[in-house]
Amino acid sequence: MKIVALVKQTFDSEAKIALEGGKINRQGISLIMNPYDEYAVEEALKLKEKHGGEVTVVTVGPDEATEAVRQALAMGADQSILVNPGTEDIDEYTTAKILAKAVSGLEYDLIIGGFRAIDDGSAQVAGRVAEILNLPVVNMVTKLEVDGGKAIATSDIEGGSAVMEVPLPAVITAQKGLNEPRYPSMKGIMQAKKKPLKKIGLSDLGLDASQVAAKVKVLSYSLPPARAAGKIIPGEPAEAAAALAKALREEAKII
Amino acid sequence: MINPSMLSTLGIVIFAIVGAIALYFFFMGAVELFSKVTLGQSTSRNDQLGTRLWGVINHAVGQPKILRQAEGGIMHFLHFWGIAIFALAIVHLMLERLFGAVLFRSPVWYLIADIAGLFALVGILYSGFRRYVQKVPRLDTGSWKEEQPIVLLILMIALMVVFYFLSYGCKIVATASIPGEPERYTLAFISSWVASWFVGLNPVTARFWEFTFWWIQMIFAFGLLVSFRYSPVIHPAVAPLNIFMRHLGPKGANIESINFEDEERETFGVNKIADFTWKDLMDPYACAECGRCQDNCPAYLTEKPLSPKKILAEIKEQIEETVAPKVAVSTAGGHISFAVTKRAEAAEEGEGNKEGKVKKLIGERISPDEIWACTTCRACQEECPVFNEHIVKVVGLRRALVLDESDFPGEAQLAFTNMERNSNPWGIGWQTRGDWATDLGVKVLSEDSNVEYLYYVGCAGSFDERVKKVSVSLVKILQAAGVSFGILGVEEKCCGDSARRLGNEYLFQSLVQENIENMLNYKVKKIITACPHCFNTLKNEYPQFGGTFEVIHHTQLMARLIQEGKIKAGSGGENLKITYHDSCYLGRYNDEYAAPRQVLRAISGLQIVEMKRNLNKGFCCGAGGGRMWLEEHGKRINTARTEQALAVNPEAIAVNCPFCLTMFEDGLKDKEVSETIKTYDVAELLARTI
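Computed from a prediction, not measured in an experiment: that's the story for all the values here.

## Some thoughts on the overall build of chain B
Looking only at helices and strands, chain B features 27 helices and eleven strands. Here the C-alpha coordinates of chain B stretch approximately 100 × 60 × 45 Å along the principal axes. Evaluated residue by residue, chain B yields a buried proportion of 47% over its 690 residues. The long-range share in chain B, meaning contacts at least 24 apart out of those at least 6 apart in sequence, stands at 80%.

## A look at the overall build of chain A
For chain A, the count of helices and strands is six helices and 13 strands. The C-alpha extent of chain A, read off along each of the three principal axes, is 70 × 45 × 40 Å. Taking all 255 residues of chain A together, 37% fall into the buried category. Expressed as a percentage of contacts within chain A between residues at least 6 apart in sequence, the contacts between residues at least 24 apart total 70%.

## Looking at the interface of chain A and chain B
Taken together, the contact pairs 14 residues of chain A with 17 residues of chain B. A class-by-class count of the residues in the side of chain A that touches chain B yields five nonpolar, three polar and six charged.

## Observations concerning the sheet that holds strand β7 (residues 79-84) of chain A
Residue and element names in this part refer to chain A. Reading across the sheet, the nine strands line up as β11-β10-β9-β12-β8-β1-β6-β7-β13 and stay open at both edges, with mixed pairing between neighbours. Whereas interior strands pair on both sides, the edge strands pair on one side only; in this sheet they are β11 (160-167) and β13 (197-201). With strand direction ignored, the average angle separating the axes of adjacent strands in the sheet is 30°. Of the pairings in the sheet, the one linking strand β10 (residues 150-157) to β11 comprises eight bridges and is antiparallel in character. Directly across from Asp156, in β11, lies its bridge partner Ser161. Packed onto the sheet, helix α1 (residues 35-51) meets β1 (2-7), β6 (54-60), β8 (110-114), β9 (137-147) and β12 (170-174) and runs at close to 170° relative to β1.

## Re unusual backbone geometry
The linkage connecting Leu168(A) with the following residue, Pro169(A), adopts the cis geometry, with an omega of 0°. Take Pro169(A): it is sitting in the loop between β11 and β12. Its identity as a non-glycine residue notwithstanding, Lys135(B) has a phi of 50°, on the positive side. Note on Lys135(B): 11 C-beta atoms within 10 Å, which makes it exposed. Positioned with a positive phi, Glu672(B) is a non-glycine residue whose angle comes to about 60°. In this fold, Glu672(B) is placed in the loop between α26 (658-670) and β11 (678-681). Judged by the 8 C-beta atoms lying within 10 Å of it, Glu672(B) is exposed.

## Considerations on helix α7 (residues 189-198) of chain B
Residue and element names in this part refer to chain B. Inspection of α7 places Ile190, Ser191, Val194 and Ala195 among the buried residues, and these make up the whole buried set. For α7, the angular spread of the buried residues around the axis is 140°, confining them to a single face. Of the exposed residues in α7, those oriented more than 90 degrees away from the buried face are Trp193 and Ser196. The secondary structure elements touched by the buried residues of α7 are α4 (107-133) and α5 (144-174). Backbone geometry just after α7 places Gly200 at a positive phi near 105°.

## Overview of the packing of helix α1 (residues 9-37) of chain B against helix α8 (residues 203-230) of chain B
The relative placement of two packed helices is expressed as an angle between their axes plus a distance between the axes. Residues and elements named next belong to chain B. It is the contact of α1 with α8, at a shortest axis distance of 7 Å, that shows an interaxial angle of 25°. Between α1 and α8, the crossing angle belongs to the class labelled roughly parallel. In this structure, the crossing between α1 and α8 has a hand that is left-handed. Residues Val18, Gly19, Ala22, Leu23, Phe25, Phe26, Met28, Gly29 and Glu32 of α1 form the contact with α8, whose own contacting residues are Phe222, Leu225, Val226, Phe228 and Arg229. Across the contact of α1 with α8, the residue classes break down as ten nonpolar, two polar and two charged.

## Considerations on the domain arrangement of chain A
Per the domain assignment, the segments making up chain A are domain 1 (2-212) and domain 2 (230-255). Computed over C-alpha atoms, the centres of domain 1 of chain A and domain 2 of chain A are 48 Å apart.

## Considering the nonpolar core
Counting residues in each nonpolar core, the largest one holds 145 residues, and the members touching the most others are Leu454(B), Met558(B), Leu600(B), Ala654(B), Cys660(B), Ala683(B) and Leu686(B). In terms of residues, this core owes the most to one element, helix α16 (residues 390-404) of chain B, which gives nine residues. Leaving out residues up to four positions away in the same chain, Ala654(B) has contacts with Ile578(B), Tyr580(B), His581(B), Leu600(B), Tyr680(B), Val682(B) and Leu685(B). By size, the runner-up hydrophobic cluster in this structure holds 61 residues, among which are Leu47(A), Ala68(A), Val125(A) and Leu144(A).

## Remarks on the packing of helix α9 (residues 235-244) of chain B against helix α10 (residues 278-286) of chain B
Residue and element names in this part refer to chain B. Direction vectors running N to C along α9 and α10 enclose 135°, while the axes themselves pass 8 Å from each other. By the angle between their axes, α9 is oblique relative to α10. As for the relative orientation of α9 and α10, their crossing is left-handed in sense. Along the contact surface, α9 presents His235, Val238, Ala239 and Asn242, while α10 presents Met282, Asp283, Tyr285 and Ala286. Among the residues making up the contact of α9 with α10, the classes are represented as five nonpolar, two polar and one charged.

## A few points about the environment of Lys523(B)
With respect to the element layout, Lys523(B) can be found in the loop between α21 (505-521) and β6 (526-529). When the C-alpha positions of Lys523(B) and Leu586(B) are compared, they lie 26 Å apart, and in sequence the two are 63 residues distant.

## What about α4(B)?
All names here are of chain B. Relative to the 39 Å expected for 27 residues at 1.5 Å per residue, α4 spans 38 Å between its end C-alpha atoms, a close match to the ideal helical length. Considered for burial, the residues of α4 that qualify are Tyr110, Ala113, Asp114, Ala116, Gly117, Phe119, Ala120, Leu121, Gly123 and Ile124. Where α4 is buried, its residues contact α3 (70-99), α5, α6 (181-184) and α7. Lys135 lies just past α4 and shows a positive phi near 50°.

## Some points on the environment of Ile362(B)
Residue and element names in this part refer to chain B. The topology assignment puts Ile362 in the loop between β2 (337-341) and α14 (368-373). Counting along the chain gives 313 residues from Ile362 to Leu49, while the straight-line C-alpha distance between them is 35 Å. In contact with Ile362, not counting residues within four places along its chain, are Asn271, Pro368, Leu397, Ala400 and Leu401.

## Concerning the confidence of the model for chain B
This prediction gives chain B a mean pLDDT of 93; 94% of its residues lie at or above 70. Within the model, pLDDT remains below 50 along residues 343-355 of chain B, and this stretch shows 25 contacts once partners closer than five positions in the same chain are excluded.

## Some details on the sheet that holds strand β7 (residues 550-553) of chain B
Residues and elements named next belong to chain B. As summarised here, the arrangement of the five strands in space is β3-β5-β4-β6-β7, forming an open sheet in which the pairing is parallel. The two strands at the open ends of the sheet, each matched to only one other strand, are β3 (443-444) and β7. Direction of pairing for β6 relative to β7: parallel, over a ladder of four bridges. Residue pairing for β7: Ile528 is matched across the bridge by Ile552. Of the strands in this sheet, β6 and β7 are in contact with helix α23 (residues 554-563), which crosses β7 at around 80°.

## Overview of the pairing of β7(A)
Residue and element names in this part refer to chain A. Strand direction decides the pairing type here: β6 and β7, joined by five bridges, are parallel. Following the sheet pairing, Val60 is matched in β7 by Val83. This β-α-β element, β6 to helix α2 (residues 66-75) to β7, shows right-handed connectivity. Relative to β13, β7 is paired through five bridges, and the arrangement is parallel. What sits directly across from Val83, in β13, is Ile200.

## Side note on the environment of Tyr93(A)
Residues and elements named next belong to chain A. Looking at the element boundaries, Tyr93 is found in helix α3 (residues 92-104). Taking the number of C-beta atoms within 10 Å as the measure of exposure, Tyr93 has 17 and is therefore partly exposed. In sequence terms Tyr93 and Met164 are 71 residues apart; their C-alpha atoms lie 27 Å from each other. The contact partners of Tyr93, leaving out residues within four places of it in the chain, are Arg128, Ala214 and Lys215.

## Notes on the pairing of β11(B)
Residues and elements named next belong to chain B. Pairing geometry for strand β10 (residues 652-655) and β11, over four bridges, is parallel. Looking at β11, one finds that Val655 is bridged to Asp681. Following the backbone out of β10, through α26 and into the adjacent parallel β11, one traces a crossover that is right-handed.

Procedures and definitions
Residues numbered from 1 in each chain as written. Chains lettered and ligands numbered in written order. Predicted model: local features only at pLDDT ≥ 70, side-chain atom pairs only at ≥ 80, totals over all residues. Helix = DSSP H or I, 4+ residues; strand = E, 2+ residues; numbered from the N terminus. Buried ≥ 20, exposed ≤ 12 C-beta atoms within 10 Å, placed from the backbone. Contact = placed C-beta atoms within 7 Å. Nonpolar A, V, L, I, M, F, W, Y, C, P; charged D, E, K, R; others polar. Pairing = 2+ DSSP bridges. Axes fitted to C-alpha atoms, helices over the stretch in contact; angles between N-to-C directions. Arc of directions from axis to C-beta. Parallel < 35°, antiparallel > 145°, perpendicular 65-115°, else oblique. Left-handed = near helix turned anticlockwise from the far one by under 90°. Domains from an automatic or database assignment. Core = buried A, V, L, I, M, F, W, Y, C linked by C-beta atoms within 7 Å. Expected span 1.5 Å × (residues − 1). pLDDT = per-residue confidence, 0-100. Right-handed = clockwise from strand over helix to strand, strands pointing away.

Spelled out as structure tokens, the structure:
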């Protein structure tokens, strides 16, 4: 079966984010493959190992996103496409539109991506791609089985889980718990250097900037307030407990 | 006059034929062993020949390693010296039989020969007692089938000695009336005692028995040569060679690097026996399975599946099953040549245990649980009398699991990813690496690199809340002593010790290259470190990659500062009974036992009590070899070590390593004494007296 995995390069979760001139200062920030997309790539590889076929990784981002794509190739994906939109001002609409266009030129039985990216956390892109390609979508999948022309997916829902069936091709989004992504072997890393990595621009897809112009504009960024230091209340247990109750009521206003 | 002890011409002919056959088997055995061992990868062990030879002499004559364990040591000493000298006595007699030549007529020689024979017999009896009566645990006495080769070997030696004495006893009787002969044996108390059994035989009959017993003795001697080809017990022949080929140079520089530039290379770890080096394949043949390694192995002693001895035995079995060479001799064209055919070529190995196929080395022969249980503490190698190298084998097998199979514990994967992304195993943002030193007035090299020392802090000292206090203490000491130093701050990366020992050589090398580049950039010459893992890696392993620095552990520097009077150790304000724990990487790997103790002794109020397992017998805390980052199942090594410390009733425990610090604090919590007994780094104890 032919599987397309959608990946995004994001900031490392431990990265120290700083603002400069109203924008995020990207200087010195470690970049990683979005962890939810790692689950997606791993699941794609598992399906390939079970059913045969090939895995194509598609990403939208600047040239430095090559690193994330290489990781997917080192894990075992067969080929990849990186579309550089030529601008940093993109939104979910832009990304989905480009991805859909890139994917529509490929053969596929299944499209899989992370259900959200850890940077903007909007959880929109895979769903939008499904919409544009007119495909069914199952979100936040923690278990996936593909058999014949259909997929059985267990999806996280509020307070529980639901088992759903969709005909293929379909879009699946990965939730934590779907699998444990593999660590690339040396053989994988060596082979990844030789695997096809197609870097293209909008014009190669027959798109122009106006067709994919962002519909959402970020007005400003702000960092969360620094966490205040904890407070230790000294004294005898009874006194300290009384002081704590008082502080919770009067200062924190939570009881 | 023809010496009547000489063989007849027919006897000499028969002797020559039998001897030639025995030598043929011995030679073929050697050729086959050579072909088995050379299946391995190349490694260089032919430098410093003088040092190598001296090592063989030292360890063969004095046997200091074997004598570390008194009972087994005495047993071996009797065996070795008994049989070695006795072998000369056999040759001596052989020369007399063949050529009528008597090299030594002095009665002292016959005394020595008798004593040697006695040593051998006593040693053999004692070894049997240890093996089958005492059943010393480390010997792991096996089933009768497993014991057969050992019993056969020992029995042949014993009977060889017994028949020598019988032969000499009859010889003394037969030659009693020949002038000059009886004088030779005046001191040979055993031979003379045996002769007393035969007194009264007429010289002709005595002569007959003398020769009969001698032939039997020679059959056993030749049998020993033949057995070399078929017996798995060839320790006596290989051990001296193995000592000669031992690893020289720093003990901490034993792991060989991988050249990742080699595009042809397809595998990077030890997936099959042919991936080991030839030295790795020779080690198991030198092994006598004495079990000193496992007696000191923290994993084995806490009931993990690992035994260093067993790993070697499994490798030997794998070689035997894979190779089992047949040697064909041909004399075509007037040249003798040997064609060695192997039952299964190395390539077939690893196909799994299907029809006639050899077992898989990892999984079927050695389990991953064994491979991951090792803390690389080096206690096994410290004890091993034949200088076997267990740890490089474990690292090679781990490399196969990590680099080739990508099949290893999830906790290790997390540690690797953390080291890749944030240059520390905890995965804390790399930008905060230097934060602990803010407000301490510590120079950062990117701002001012004009310092004498780089203080390489390491990951624990930078990110672990508890260990940061050690870093702060050391800074206080260095500043008080006026030492010129600076740190790399955010530019410092993990030293790579854990990555390398967990088998991730690729990650290790990328960390090493970044660190060396930074250090060379700032023209770093001398490095201080408070972590023995960083210390060993920077000092002994970085030179493999072009980073040669003068590296000093903080306990060594503190000892020097105290000695030079630059630091005046005062009193801690309290009297503490303290026990000091030797870390593996400062102790066994780098032989530094004195400096930390000197520092502790300089602090007034401290009373030092030693644990039973200390110095080079020190017991690992359980965190080495990357085990710091892995789950431990079953009885925990740190709990075992904490119990050993508590056995001497200390009020505090002193350590020189951040990992040991963590492990002891956890151990003390486990034993529910963490409120009353604290763990300190040596630097903390010194800093609070300043």
